[in-house]
Amino acid sequence: MNARVLPVPTMNFLNGGAHADNNLDIQEFMVVPVGADSFAEALRHASETFHHLKKILKKKGLNTAVGDEGGYAPNLGSNEEALELLIEAIVAAGYEPGTDLALAFDAAASEFFDKDKGVYRLQADGSELTSAQLADYYAGLVDRYPIILIEDSHDEDDWEGFAALTAKVGNRIMTVGDDLYVTNPERLMQGVKTNATNAILIKLNQIGTLTETLDTMSLAKAHGLRSVVSHRSGETEDTTIAHLAVAANTGYIKTGSLSRSERIAKYNELLRIEESLGAQAKYGFKCPEGPRQDQGEVRV
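Procedures and definitions
Residues numbered from 1 in each chain as written. Predicted model: local features only at pLDDT ≥ 70, side-chain atom pairs only at ≥ 80, totals over all residues. Heavy atoms only, no water. Helix = DSSP H or I, 4+ residues; strand = E, 2+ residues; numbered from the N terminus. Rg over C-alpha atoms; globule rule 2.2 N^0.38 Å. Buried < 20%, exposed > 50% of the residue type's maximum accessible area, 1.4 Å probe, protein only. Areas by Shrake-Rupley, 256 points an atom, 1.4 Å probe, with all protein chains shown as cover. Lys, Arg positive; Asp, Glu negative; His and termini not counted. Charge placed at Lys NZ, Arg CZ, Asp CG, Glu CD. Pairing = 2+ DSSP bridges. Contact = heavy atoms within 4.5 Å. Axes fitted to C-alpha atoms, helices over the stretch in contact; angles between N-to-C directions. Salt bridge = Lys/Arg side-chain N within 4 Å of Asp/Glu carboxyl O. pLDDT = per-residue confidence, 0-100. Phe/Tyr/Trp six-rings, centres within 6.5 Å; stacked < 30°, edge-to-face > 60°. Right-handed = clockwise from strand over helix to strand, strands pointing away. Core = buried A, V, L, I, M, F, W, Y, C linked by side-chain atoms within 4.5 Å.

This part covers the overall build of the protein chain. A tally of helices and strands in the protein chain yields nine helices and 14 strands. Over its C-alpha trace the protein chain gives a radius of gyration of 18 Å, about what one expects of a compact globule, namely 19 Å for 300 residues. Oriented by its inertia axes, the alpha-carbon framework of the protein chain measures out at about 50 × 45 × 35 Å. Sorting the 300 residues of the protein chain into buried and exposed places 57% on the buried side. Carbon and sulfur atoms provide 46% of the accessible area of the protein chain, an area that totals close to 11,800 Å². Positive and negative side-chain charges in the protein chain, numbering 28 and 44 respectively, have mean positions lying 4 Å apart.

Here you go:
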């Protein structure tokens, strides 16, 4: 049986942007349990870190209410401070940043792009950046933090911006297109032609049918792009995407934080899938070694 790869979850711990009522520009700051030997162990690593993050936020007098994706939504001094808090939580939980748990974020940059002036406004940082400067900003974060994935780094029509970031760090991390591609094969092929990203976010109900979704994933694989199966911001407790991620051996899933039942439902289903597969189950891919082009190869 080939469908046996339990996906590495990219878990939303801090919310910002359009998904939270706070001052952060970047929409999702995520923790990725890369060092575990099983999905169950990965879930434990992340859960412990999530609860330590809440303790840290409370100790600092910061808000511990959650946003749309289930992550905490405090006001912070800058977007980079969110990454620092995640590192602090990983260490507090007894884990090694970059070895046990890595970082990722979904910028959702279309939300802070000024189309009239052609600049990106990071209000939390008090900065205004060109497309090229934004790519440099992200590259600097990759240099300073154990980041393995950046999603929607630029505006959905800023193909040059995406390509600039991928040229800078695409050999070290996954650069993912969501708003850029909207699970659409025509936009995916434009990304292939421009070397915009090395991965695509897959949303089953975005393209409309399972057949079209699988066709888009096959197209991505044929051109060396990895697929990350994803939830939507307006979710239900349906667990189909958990099965899709395992069936397609994608190695990655994005389905929110470790709170809110519509997010937890997918993690519980993946636990059941792992248990049913038994010894045949394999957990993800070793993310810190960089994005892989050969999706079908199981690495343990």
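Let's shift gears to the sheet that holds strand S6 (residues 113-114). Spatial ordering of the open sheet is given by S6-S7-S8, a layout of three strands whose pairing is antiparallel. Edge positions in the sheet fall to S6 and strand S8 (127-129), since each has one partner strand and no second. As paired strands, S6 and strand S7 (residues 119-122) are joined by two bridges and run antiparallel to one another. Pairing of Asp114 across the sheet is with Val119, part of S7. Sheet strands in contact with helix H3 (residues 131-144) are S7 and S8, and its direction is about 115 degrees off that of S8.

Quick look at the pattern of salt bridges now. If the charged atoms of two oppositely charged side chains come close together, the side chains can form a pair. Summed over all chains, the structure comprises 17 salt bridges. Its salt-bridge partner being Lys60, residue Glu88 comes within 3.8 Å of it at the nearest N-O pair. Of this pair, Glu88 sits in helix H2 (residues 79-92) while Lys60 sits in the loop between helix H1 (39-59) and H2, and the two are 28 residues apart along the sequence. A relative accessible area of 35% means that Glu88 is categorised as partly exposed. Where salt bridges share partners, they join Glu28, Asp106, Glu151 and Lys254 into one cluster.

In this section: the confidence of the model for the protein chain. Looking at the protein chain, pLDDT values average 91 and 94% of them are 70 or higher. Considering each helix and strand of the protein chain separately, the mean pLDDT is smallest for helix H6 (residues 204-207), with a value of 86, and largest for helix H4 (residues 159-169), with 98. Contacts of residues 286-300 to residues separated by more than four positions or lying in other chains number 41 contacts, the stretch itself having pLDDT below 50.

Let us look at the packing of aromatic side chains. Going through the model one piece at a time under the given rule, you end up with nine aromatic pairs. Geometrically, the ring pair formed by Phe112 and Tyr120 is edge-to-face, given 6.1 Å between the ring centres and 70 degrees between the ring planes. Looking at Phe112, the relative accessible area reads 7%, which means it is buried. According to the relative accessible area criterion, Tyr120 is buried, its value standing at 0%. Taken together, the ring pairs in this structure connect Phe29, Phe105, Tyr137 and Tyr138 into an aromatic cluster.

It is worth spelling out the sheet that holds strand S13 (residues 252-254) at this point. Sheet architecture is open: nine strands sit in the order S2-S13-S12-S11-S10-S9-S5-S4-S3, paired in mixed fashion. The open sheet has two edge strands with one neighbour each: strand S2 (8-9) and strand S3 (11-15). The strands that H1 touches are S2, S3, strand S4 (28-33) and strand S5 (101-106); relative to S3, the one it contacts most, it runs at about 10 degrees.

Attention shifts here to the pairing of strand S12 (residues 226-230). Counting buried positions over the five residues of S12 gives five, a clear majority of the element. By the alternation rule, side chains of S12 split into Arg226, Val228 and Ser230 and Ser227 and Val229, which are all buried. Strand direction decides the pairing type here: strand S11 (residues 199-203) and S12, joined by five bridges, are parallel. Of the residues in S12, the one forming a bridge with Ala199 is Arg226. Remark: the S12/helix H8 (residues 240-247)/S13 crossover connection has right-handed handedness.

Another aspect to go through is H8. Regarding H8, the residues found buried are Ile241, Ala242, Leu244, Ala245 and Val246. For H8, the elements touching its buried residues are strand S1 (5-6), helix H7 (210-222), S12, S13 and helix H9 (261-277).

This part is about the nonpolar core. Within the largest apolar cluster, 89 residues are counted, with the highest numbers of intra-cluster contacts made by Phe13, Leu14, Phe29, Leu53, Phe105, Tyr138 and Ile147. The leading source of residues in this core is H1, at eight residues.

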